[in-house]
Amino acid sequence: SRPTVFIQRDYSSGTICKFQTKFPAELESRVDKQQFEETIQTLNNLYAEAEKLGGKSYLEGCLACLTAYTIFLCMETHYEKVLKKIARYIKDQNEKIYAPRGLLLTDPIERGLRVVEITIFEDRSIGSGR
Amino acid sequence: MKNCEYQQIDPQTLPTPTPTPPVHQGSNNHKREEPKRPRRKWQVFPGKNRFYCDGRIIVARQSGVLPLTLGLILVTSGLFFIFDCPFLVKHLTSCIPVIGGILFVFVVITLLQTSFSDPGILPRATPDEAADIEKQIDNTGNTSYRPPPRTKEVLINQQVVKLKYCFTCKMFRPPRTSHCSLCDNCVERFDHHCPWVGNCVGKRNYRFFYTFIVSLSFLTAFIFGCVTTHLALRAQDGKGLVFALQESPGSAVELVICFFSVWSILGLSGFHTYLVASNLTTNEDIKGSWSGKSGEDVTNPYSYNNIFINCCSVLCGPLPPSLIDRRGFLPTDESAQTGGMDIELPALAAKSEINVCTQGTKGLLESATLSPLLSTSCPQGKPQAAQTCPDNSSKVNSDPSPELSTSCGARHTVSSTGNTSSPHHCKTHSKKSKQVALHIHNPAFDVPVTPTSLDTGPSSKAEGHKGATFTTLH
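Residues numbered from 1 in each chain as written. Chains lettered and ligands numbered in written order. Predicted model: local features only at pLDDT ≥ 70, side-chain atom pairs only at ≥ 80, totals over all residues. Heavy atoms only, no water.

S.K.: Whenever I open this one, the packing of aromatic side chains confuses me. Can you help?
M.R.: The geometry of an aromatic ring pair is captured by two quantities: the separation of the ring centres and the angle between the planes. Residues and elements named next belong to chain B. Throughout the structure, instances matching the rule amount to 13 aromatic pairs over all chains. Relative to Phe-222, the ring of Phe-80 lies with its centre 6.0 Å away and its plane at 65°, an arrangement referred to as edge-to-face. Placement of Phe-80 in helix H2 (residues 66–91) and of Phe-222 in helix H5 (residues 206–235) is noted, with a sequence separation of 142 residues between them. Here Phe-80 matches Phe-222 in class, with each residue buried. Between Phe-224 and Phe-259, the ring centres sit 6.2 Å apart and the planes meet at 35°, which makes this aromatic pair tilted. Residue Phe-224 is located in helix H5, and its partner Phe-259 is located in helix H7 (residues 249–277); the two are separated by 35 residues in the primary sequence. With relative accessibility at 22%, the residue Phe-224 sits in the partly exposed group. Feature note: the residues Phe-80, Phe-81, Phe-104 and Phe-222 constitute an aromatic cluster, connected by ring pairs. Seen from the ring of Phe-172, Lys-152 lies directly overhead, with NZ or CZ sitting 4.8 Å from the centre. Here Arg-189 stacks its cationic end above the ring of Tyr-206, 5.5 Å away from the centre of that ring. (Phe/Tyr/Trp six-rings, centres within 6.5 Å; stacked < 30°, edge-to-face > 60°. Helix = DSSP H or I, 4+ residues; strand = E, 2+ residues; numbered from the N terminus. Buried < 20%, exposed > 50% of the residue type's maximum accessible area, 1.4 Å probe, protein only. Lys NZ or Arg CZ within 6 Å of the ring centre and 35° of its normal.)

S.K.: What is the right way to look at the sheet that holds strand E3 (residues 115–120) of chain A in this model?
M.R.: The pairing of strands in a sheet happens through backbone hydrogen bonds and is either parallel or antiparallel. Residue and element names in this part refer to chain A. In spatial order, the strands read E1-E3-E2; together these 3 strands make up an open sheet with antiparallel pairing. Each end of this open sheet is capped by a strand with a single partner; those strands are strand E1 (4–8) and strand E2 (103–106). Pairwise comparison of adjacent strand axes, ignoring direction, gives a mean angle of 20° for this sheet. Two strands pair when backbone bridges link them, and E2 and E3 are joined in this way by 4 bridges, in the antiparallel orientation. Across the sheet, Thr-106 pairs through a bridge with Glu-117, a residue of E3. (Pairing = 2+ DSSP bridges. Axes fitted to C-alpha atoms, helices over the stretch in contact; angles between N-to-C directions.)

S.K.: Got a minute to help me understand the nonpolar core in this structure?
M.R.: What tends to happen in soluble globular proteins is that the nonpolar side chains get buried as a cluster. All names here are of chain B. Among the nonpolar cores identified, the biggest contains 50 residues, and Ile-73, Phe-80, Tyr-206, Phe-209, Phe-212 and Leu-216 are the most heavily contacted of them. Sorting the residues of this core by element identifies H2, helix H3 (95–116), strand E4 (151–156), strand E5 (159–166), H5, H7 and helix H9 (307–316) as the ones contributing at least two each. At 13 residues, H5 tops the list of elements feeding residues into this core. Summarising the domain contributions, this core has at least three residues from each of domain 1 (43–120 + 192–316) and domain 2 (127–173). Once residues within four sequence positions are removed from consideration, Phe-209 is found in contact with Thr-114, His-192, Cys-194, Val-201, Leu-268 and His-272. (Core = buried A, V, L, I, M, F, W, Y, C linked by side-chain atoms within 4.5 Å. Domains from an automatic or database assignment. Contact = heavy atoms within 4.5 Å.)

S.K.: Could you clarify how one ought to interpret the UniProt feature "transmembrane region" (unreviewed entry) in chain B in this entry?
M.R.: Residue and element names in this part refer to chain B. Annotation from UniProt places "transmembrane region" (unreviewed entry) at residues 65–83, 89–112, 208–233 and 253–277. Annotated as residues 89–112, this span is 88% helix and 0% strand, and its ends, taken at the C-alpha atoms, are 30 Å apart. Spanning residues 208–233, this segment combines 100% helix with 0% strand, and its end C-alpha atoms are found 37 Å apart. (UniProt positions renumbered as here; feature names shortened; annotations may be inferred.)

Laid out in structure tokens, this is it:
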């Protein structure tokens, strides 16, 4: 199967979802280091937004408790809304930055939020096709 | 930059995966006449869970004593409404059945939610991930037959936390995650495996569990109080208690059940309130992870050091989605039938854009690199692309259906008195069952682990290994 790079989770801030921003060596020839770090940092910020404790999430939690949590059956939670945002962001990044360089980011939710999987597609010069 | 030609692919110009694939698929499906029904992920779920309602409901393999719990609640409440309410409504107030009804509904709903929802199961690592991790571990240049140590150390809030490697799930467990041997899953923020609800209690269903035991305490105390009042009222004017019990036999049953359960349930509620206020799990409390028993100055790194914030974060924080996509379709059938692709795509598109988008782009890149003809690239590339990620778990719509979490470390064993709430009781039982559980759950099939490591694991009472430990270099 294709070579893949796995960006592991960074647990130094606790159990919140955060990925390491260290630039893997395998991608050095493929993509800009700053670009990569920006992508990961934005993802981290989005996950932090999903898990943020604040007035709004407390309100949602208390309301849910009063209804014996049955509202979770019909309502989309704040976390899910942010996950959709993350999915769109990853798709966007893939289209604009990574696919043109022969890379593909897999949404971490498909890997149980354990890793950001980056698949490296071999670069073959497809001369005649162009 | 190397001087190579990367194929600039503009995903926009290529056919995007839409819910009407038969046009593309049809021509290539002539080989597969009968498209078998696509399989959902719950059907190939590796843990010891059972699923109902096509993956909507997940329960542990053994439902424990959930039927007993439910039965006791229903019987006691039923007797209450039948025998005590009419009398009390007549003699006291009609609020009583209303309050009782509300509490009863709360108890049953939260019980079912605790039992039937995903406690926070972590899906197992894909083969690629596992191989990558193994490679990193083996970098210590280990040439002896002894397997390399499988722990990592992380600094969280100035506290050293050891992350252990899970042999079953082939990954380093996140902090506060534990592997339940009854359910054979790693569960995040693992609290305990509760046989009364027949499920593990973890990150996602802890609030349901807490609400359940608190409302059950109220319900039990309420029924107990009402029954006592009822019998006292009947027994007054010198009629005696025996007369009262004869008049209302159901109350006697309620009295017995409530009397024996109210103490343990109140105790359990009190214990868990303490845990919530200090942001601890039962697992951590029993193991004494942060109590400084070893003499070091350890504090709980996850606590906000504020009772109010701790309570809010545990009970009212955002509910994370289920990470195991139970009702998602498998990208490709194990028997390599792509006839199911026709039906799979609309379902995937309906479910979440993520799967489709990634698959789509992946398929495009695949076909682009494989064939020089861009124009023929179509979702045909999907099957091959999909094979590299058999474990697709994209669960965006959280179904709070019950999940069977597998039993993990701290396991309540049902004693003869039915009292599983006291921490000390749990302590002795859980340590023993933990050791037993560890023996059971560490498989050595495809992992190059020698028997020595399995022995040292349980005996050291923690799954840490002796020898050098990793510090994460970041």
